[in-house]
Amino acid sequence: MDPKKKLLEEKVINLSRVTKVTKGGRHFRFSATVVVGNRKGLVGMGTGKANEVNDAIAKASKAANKNVTRVALQDARTIPHEATGKVGRAVVLIKPAKEGTGVIAGGAARAVLELAGVKDIVSKSLGSNTKVNVAKATLEALK
């Protein structure tokens, strides 16, 4: 275990059972999406697929640890300016907020923002609300 992994908190944002239909019948696997962060400006996201739930989560967190990025935080609580992130049909708009506002975001966007260490922010999900794409769009907007 490398010491960086212990610092990063992880949160499963999406866990689903996926099916591959073959000649011999249906083959079930699990797909997991995990967000990791240290609540101080580092955040990453990854997805993994496996036959068991635990293996899928482990794969996803390993992938998330590989693509961790630094997020610019102002006064260690909000973002410097308004931004939008687009991934697929999901569009996420994030705006800096006054102190004491809190994280105004829903679902996958909230998980990403909290693990990035943002304390005051207003966010709006426009377009598609696919959990994975909303999380990716939020990361894109933070970058």
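If you're wondering where the values come from, they're calculated on a predicted model, not measured in any experiment.

(A) Up close: the side chain of Thr138. Looking at the element boundaries, Thr138 is found in helix 4 (residues 131–142). According to the relative accessible area criterion, Thr138 is buried, its value standing at 0%.

(B) View of the environment of Val53. Here Val53 lies in helix 2 (residues 53–66). A residue is classified by how much of its surface remains accessible, and Val53, at 27% relative accessible area, is partly exposed. In sequence terms Val53 and Val21 are 32 residues apart; their C-alpha atoms lie 19 Å from each other. Beyond its immediate sequence surroundings of up to four residues, Val53 is in contact with Leu15 and Phe30.

(C) Geometry of the environment of Lys131. Assignment of secondary structure puts Lys131 in helix 4. Using a relative accessible area of 45% as the deciding quantity, one classes Lys131 as partly exposed. Sequence separation between Lys131 and Gly107 is 24 residues, and the spatial gap between their C-alpha atoms is 7.5 Å.

(D) Broad picture of helix 2. Compared with the 20 Å implied by 1.5 Å per residue over 14 residues, the 20 Å span of helix 2 between its first and last C-alpha is a close match. Within helix 2, the full set of buried residues consists of Ala56, Ile57, Ala60, Ser61, Ala64 and Asn65.

(E) Seen up close, the sheet that holds strand 1 (residues 9–22). Strand order in the open sheet formed by four strands is 1-2-3-4, and the pairing between neighbours is antiparallel. In this open sheet, the two edge strands, each paired with only one partner strand, are strand 1 and strand 4 (69–70). Inspection of the sheet shows strand 2 (residues 25–37) paired to strand 3 (residues 42–50) by eight bridges, in the antiparallel sense. Within the sheet, the bridge partner assigned to Ala32 lies in strand 3 and is Gly48. The strands touched by helix 2 are strand 1, strand 2 and strand 3; relative to strand 3, the strand with the most contacts, the crossing angle is about 145°.

The rules behind the values
Residues numbered from 1 in each chain as written. Predicted model: local features only at pLDDT ≥ 70, side-chain atom pairs only at ≥ 80, totals over all residues. Heavy atoms only, no water. Helix = DSSP H or I, 4+ residues; strand = E, 2+ residues; numbered from the N terminus. Buried < 20%, exposed > 50% of the residue type's maximum accessible area, 1.4 Å probe, protein only. Contact = heavy atoms within 4.5 Å. Expected span 1.5 Å × (residues − 1). Pairing = 2+ DSSP bridges. Axes fitted to C-alpha atoms, helices over the stretch in contact; angles between N-to-C directions.

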